[in-house]
Amino acid sequence: MEKLLEVNGLEVSFQLDKGEVQAVRGVSFSLARGETLAIVGESGSGKSVTALAVMRLLQHPGRIKGGEICYDGIELTRMEEKGMFRIRGAEIAMIFQDPMTSLNPTMKVGEQIIEGLRWHRKMGTAEAKARAAEMLKRVGIAQAERRLEQYPHEFSGGMRQRVMIAMALALNPKVLIADEPTTALDVTVQAQILELMKMLQEETGTSIILITHDLGVVAETADRVCVMYGGQVVETGTVNECFRQARHPYTWGLLQSMPRLDQPRDRELQPIPGSPPDLYEPPQGCPFADRCPYAMHVCFEEAPPETRLSDTHQVKCWLEDPEAPPVEMDQPFAW
Amino acid sequence: MLVKYVMSRLLQMVLTLWVIATVTFIMMKAIPGDPFSNEKKLPEEVLRNLYAYYQLDDPLPVQYVHYMKNLVLLDLGPSFKYETRTINEIVAEGFPVSAQLGAQALLVAVVAGLALGVLAALRQNRLLDYFSMLVAVLGISVPSFVLAPILQKYLGVEWELLPVATWEGFASTVMPTIALAAFPLASVTRLMRSSMVEVLTQDYVRTARAKGLPPLFVIVRHTIRNAILPVVTVLGPLTVGVLTGSFVVESIFSIPGIGKYFVESITNRDYPLIMGITLFYSSLLIIVNFLVDLAYGWIDPRIQLAKGGK
Amino acid sequence: MEPVYHPRFQRVSRSRPAMEAIRRPRVSYWRESWRRLRQNALAMAGLITIVLIAILSIVGPMLSEYEYNEQNLQTGRNLPPSAEHWFGTDDLGRDVFVRVCEGGRISLTIGLAAAMIDMGIGVVYGGIAGLRGGRMDEVMMRIVDVLWGLPYLLTVILLMVILPPGLGTIILALTVTGWLNMARLVRGQVLQLKQQEYVLAAQALGASTSRLLVKHLIPNAMGPILIMLTLTVPSAIFAEAFLSFLGLGVQAPVASWGTMINDALVTVLSGEWWRLFFPALFLCLTMLAFNAFGDGLRDALDPKLRK
């Protein structure tokens, strides 16, 4: 499949008074046309920072320290800020976690959709308004013309996220980055929003990068998965590979901390003990070693190499080393 | 709902005004001795006016009703010092001058303060930021009655750039305007900077940037517009500050406004004039505050005045 | 037989509690705030300036052989600063240094007293309104709203005109409506904290009202109260100087920065700069120091900024 977006060895750090926080440490992934890639990880794993870096939206003191981001043959990390105004919104659009705060509270919803259309497509007001109304209808908002004249506080959380989606897709972007689009919503609304995103993707062929910590969401929507931990991608593969043939103990931990219907009901959910590494001083070995029940001495000393299990499935873990003791996931975590 | 809110606010305003008027009345009566007969010998004519106005021979409640009736009719009564003029006339004469000076100062303060605040927030921890913070700190720490003589000494006396102590033409308004604008300018700068800094970190600003809108567009439409809201709320208190500041600034620069009359009335212990001007300014400020609240509800769609937007 | 692995590939055994151990040390709110305050150079400069001015005001008059009201009309009028008179003398031959120190005593006394009284009344009033709520709160806040409409300095001026002059009168006039700010703040804090989930949680766990007050409400409302306290001091000092400037503050021969500045206005033309400069400098420095310290305190106590 043709690669639309390729990220290679991306490094992002935040220069703070206390020192440098290396939030993203050599992340690589690619995205094909029409595909949905899920980036999974707990908070602090660097997934949102990665997304913001792709949009070149990092705020001071954050900056891209290394690596490349290639969109449709264009290298974005070296692009001038001016050029990014043509990419953002029009080519790569983004929706955010909290629909309650992501819309400008003092501006009518219609205005907020229209301004992008006017800037990128040089549309007249009437034309832009018509397009905005059309988009609201497509995301399932009734009485679109009237709703355009309302302010965000007159919408519910789910409706606002629909507005965000309408706003993001109004310009037919080729890539949509959705940063935890359902986390702040009620469970019933979550399903509706995911359904809507899937439907719109089929209609438009947009590629989606879905950032989430919820494996349920991944199973439902994604084609491929990147599992991030401590600013690195620890395992990547198709949904099937990551769910059924996961090789990284962290992925196992994620899977075991998720309730599942196809498991006996009395199976206990297993939380992963401990907390993510301090990225002021990232560990020199595997970032997960501290919390890994299978950790070996080598894990603390040296970063694990990437092992290719198939064309699509790669994992960074010392357990893949031929010298390591064999470990299987299906034995429940033994402490 | 809006009508109900306006009504309740109006009621509250009337209550506040009534409190002021009553307190003023009680104070007039509480001044040790008879305010109209002790200390200075008052001219016969003034005394006659005062007696006619206050009906000093009547019992207190009757005097009170009479006094309130006059106030409702917007009659502030006669003055001690100025034999031939009523307080109404003095206010009518001085107010245009004070209003011009006050409006000029407020305009300078708001326009320059907003600009400095915005620029400081956009250039955080850079030279311009430090400069505007310096302006803000000095403006808050240097009272107008210190700033005014400094301006007079240098701009007026030493370098002879501007006229001292006259009130003719625009040039003579420059120094008083600066002296009066310094404090509100500093407040607006500080408030606008912190408000901008906060808005800049809001999610919706990131959304706007993610839309690919150019920075100037994002700053004007999404940041400044929202950051200005808190500044609107302090317009009331700022007006109060300018007004009280005008007392000293007008006296220092000998500007024939209400403030100068007010300070003179204090020195002369011209009680009716003190009370009259206090009443006049209190009412003015209460009305300004009310209008500012209404304006705020109108600017910010989230605030529903009916629900008691504070 | 157990397979033997290279030592590098041997399992590391750890207990679960060790893995759950919290890596970063916990820092208490007040200690962390104090640390941040100390790092704020401007705030610390303000604090030091306040202390220095306080010491000078107390000790200064003892260092000098002159009294603040001691006149020297024959030979000592309008003398420039010298070894004899450090800050020069005024038009009545009084020593400006001693008078500035004397003014400092008055300014600081008034500033601190007014701020403390405002806090006392405000905390009690706002606390009762916020804790009781309902009808009581309604009535109490209506009263505050009506008084709130009174312009602060105008009210103070009015009171000063009526009441006999003196230090006590100034403090009284400044606090008559000054406590409203604090009462509103405290009530707001209490109402907000009452709705916080951790307070609800404490209630659900059966904490008594007094325990709630001591353990949750007071420590959490303390920050904003302290900040307002610090920022009330300079506004009270300003108000006193303003009143004295208008001739409504302390009465001659007592020295106040405000009266000294007013008396020195004539020097703009006549040129005895020291008469204006020193009181103005000390007034501005004091206001600056309190404002800088208050701002620093606000930054240090605002938990939103904690990283």
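Only a predicted model underlies this, so the values are computations on that prediction, with no experimental measurement involved.

Calculation criteria
Residues numbered from 1 in each chain as written. Chains lettered and ligands numbered in written order. Predicted model: local features only at pLDDT ≥ 70, side-chain atom pairs only at ≥ 80, totals over all residues. Heavy atoms only, no water. Contact = heavy atoms within 4.5 Å. Buried area = accessible area lost by both parts, 1.4 Å probe. Salt bridge = Lys/Arg side-chain N within 4 Å of Asp/Glu carboxyl O. Polar contact = N/O pair within 3.5 Å; in protein donor to acceptor, adjacent residues only side chain to side chain. Nonpolar A, V, L, I, M, F, W, Y, C, P; charged D, E, K, R; others polar. Pairing = 2+ DSSP bridges. Helix = DSSP H or I, 4+ residues; strand = E, 2+ residues; numbered from the N terminus. Axes fitted to C-alpha atoms, helices over the stretch in contact; angles between N-to-C directions. Phe/Tyr/Trp six-rings, centres within 6.5 Å; stacked < 30°, edge-to-face > 60°. Buried < 20%, exposed > 50% of the residue type's maximum accessible area, 1.4 Å probe, protein only. Lys NZ or Arg CZ within 6 Å of the ring centre and 35° of its normal. Parallel < 35°, antiparallel > 145°, perpendicular 65-115°, else oblique. Left-handed = near helix turned anticlockwise from the far one by under 90°. UniProt positions renumbered as here; feature names shortened; annotations may be inferred. Expected span 1.5 Å × (residues − 1).

**Q** Looking at this structure, I do not really get the interface of chain C and chain A. What am I missing?
**A** Size of an interface: often given as the accessible area lost when the parts come together. Taken together, the contacts link 15 residues of chain C with 30 residues of chain A. Carbon and sulfur atoms supply 51% of the area buried between chain C and chain A, which totals about 2,000 Å² over both sides. Run the count over chain C and chain A and you get zero salt bridges. The interface formed by chain C and chain A includes zero residue pairs in polar contact (both at pLDDT 80 or more). Of the residues that constitute the side of chain C that touches chain A, the class distribution is five nonpolar, two polar and eight charged.

**Q** Would you mind showing me how to read the sheet that holds strand β9 (residues 224-229) of chain A here?
**A** The strands making up a sheet associate through backbone hydrogen bonding, with each pair oriented either parallel or antiparallel. Residue and element names in this part refer to chain A. Across the sheet, eight strands lie side by side as β6-β7-β8-β3-β9-β10-β12-β11; this open sheet has mixed pairing. Single-partner strands in this sheet number two, and they are β6 (92-95) and β11 (306-308). Strand-to-strand twist across the sheet, computed as the mean angle between neighbouring axes with direction ignored, equals 20°. With five bridges connecting them, strand β7 (residues 175-179) and strand β8 (residues 207-212) associate as parallel partners. Paired with I177 across the bridge in β8 is I209. This element, helix α10 (residues 249-256), spans β3 (36-40), β9 and β10 (232-238) of the sheet and lies at about 105° to β9.

**Q** For this particular structure, what's the right way to read the sheet that holds strand β5 (residues 74-75) of chain A?
**A** All names here are of chain A. If you trace the four strands from one edge of the open sheet to the other, you get β2-β1-β4-β5, paired in antiparallel fashion. The open sheet has two edge strands with one neighbour each: β2 (19-32) and β5. Across eight bridges, strand β1 (residues 3-16) lies against strand β4 (residues 62-71) in antiparallel orientation. Considered in β4, the bridge of V7 is made with I69.

**Q** Quick question: what am I supposed to make of the packing of aromatic side chains here?
**A** Within the structure shown, the criterion is met by 20 aromatic pairs over all chains. Relative to Y294 of chain A, the ring of W252 of chain A has its centre 5.6 Å away and its plane inclined at 80°; by these criteria the two rings are edge-to-face. Remark: Y294 of chain A occurs in the loop between α10 and α11 (297-301) and W252 of chain A occurs in helix α10; sequence separation between them is 42 residues. One exposure class covers both W252 of chain A and Y294 of chain A, and it is buried. Linked through ring pairs, F95, F247, F262, F280 and Y281 of chain B together constitute an aromatic cluster. Over the ring of W119 of chain A we find R86 of chain A, and its NZ or CZ is 4.8 Å from the ring centre.

**Q** Where do I start with the side chain of H248 of chain A in this structure?
**A** Residues and elements named next belong to chain A. Looking at the secondary structure, you find H248 in the loop between α9 (239-244) and α10. The exposure class assigned to H248 is buried, which follows from its relative accessible area of 1%. The residues touching H248, leaving out its near neighbours within four places in the chain, are V234, E235, F288, V315, K316 and C317.

**Q** Would you mind showing me how to read the interface of chain C and chain B here?
**A** With 34 residues of chain C at the contact, the number on the chain B side is 38 residues. Approximately 3,300 Å² of surface area, both sides summed, lies buried where chain C meets chain B, with 79% of it carried by carbon and sulfur atoms. The interface formed by chain C and chain B holds one salt bridge in total. Among the salt bridges present, the one from D295 of chain C reaches R190 of chain B, with a minimum N-O distance of 2.9 Å. For the interface between chain C and chain B, the tally reads one residue pair in polar contact (both at pLDDT 80 or more). Of the residues forming the side of chain C that touches chain B, the biggest block, nine residues, is contributed by helix α12 (residues 273-301) of chain C.

**Q** Could you clarify how one ought to interpret the packing of helix α4 (residues 125-138) of chain A against helix α6 (residues 157-169) of chain A in this entry?
**A** Two measures define how a pair of helices packs: the angle their axes make with one another and the distance between the axes. Residue and element names in this part refer to chain A. Packing of α4 against α6 brings their axes to within 9 Å, and their N-to-C directions diverge by 130°. Taken together, the axes of α4 and α6 lie oblique to each other. Considering how the two elements wind past one another, α4 and α6 form a crossing that is right-handed. Taking contact as the criterion, the partners of R131, M135 and L136 in α4 are, on α6, V163, A166 and L169. Classifying every residue of the contact of α4 with α6 gives five nonpolar, no polar and one charged.

**Q** Would you mind going over the UniProt feature "transmembrane region" (unreviewed entry) in chain B with me for this structure?
**A** All names here are of chain B. Per the UniProt record, "transmembrane region" (unreviewed entry) is found at residues 12-31, 101-122, 134-152, 164-186, 227-253 and 273-299. Strand forms 0% of residues 101-122 and helix 100%; the C-alpha atoms that close the span are 31 Å apart. Counting secondary structure, residues 273-299 comes out at 100% helix and 0% strand; the distance between its end C-alpha atoms is 38 Å.

**Q** Would you explain α4 of chain A in this entry?
**A** For an α-helix the count is 3.6 residues per turn, leaving residues at separations of three or four pointing the same way. Residue and element names in this part refer to chain A. The end-to-end C-alpha distance of α4 is 20 Å, a good match for the 20 Å that 14 residues give at a rise of 1.5 Å each. Turning to α4, its buried residues are A128, R131, A132, A133, M135 and L136. As for α4, its buried residues are in contact with α3 (109-121), α5 (144-148) and α6.

**Q** I would appreciate a short explanation of the pattern of salt bridges in the present structure.
**A** Pairing of side chains with opposite charge becomes possible as their charged atoms draw close. By the definition in use, this model includes 24 salt bridges over all chains. Put simply, K211 of chain B and E115 of chain A hold a salt bridge, and the shortest N to O gap is 2.7 Å. You can see K211 of chain B sitting in the loop between α8 (203-210) and α9 (215-233) and its partner E115 of chain A sitting in helix α3, one on each of two chains. Relative accessible area serves as the criterion here: at 3%, E115 of chain A is assigned to the buried category. For R131 of chain A, the salt bridge goes to E134 of chain A, with nearest N and O atoms at 3.3 Å. Note that R131 of chain A and E134 of chain A are positioned in helix α4 at a spacing of three residues, about one turn of the helix. R131 of chain A gets classed as buried once you look at its relative accessible area, which sits at 14%. With relative accessibility at 36%, the residue E134 of chain A sits in the partly exposed group. In this structure, a network of salt bridges that share partners links the residues E111 and E115 of chain A together with K211 and R221 of chain B.

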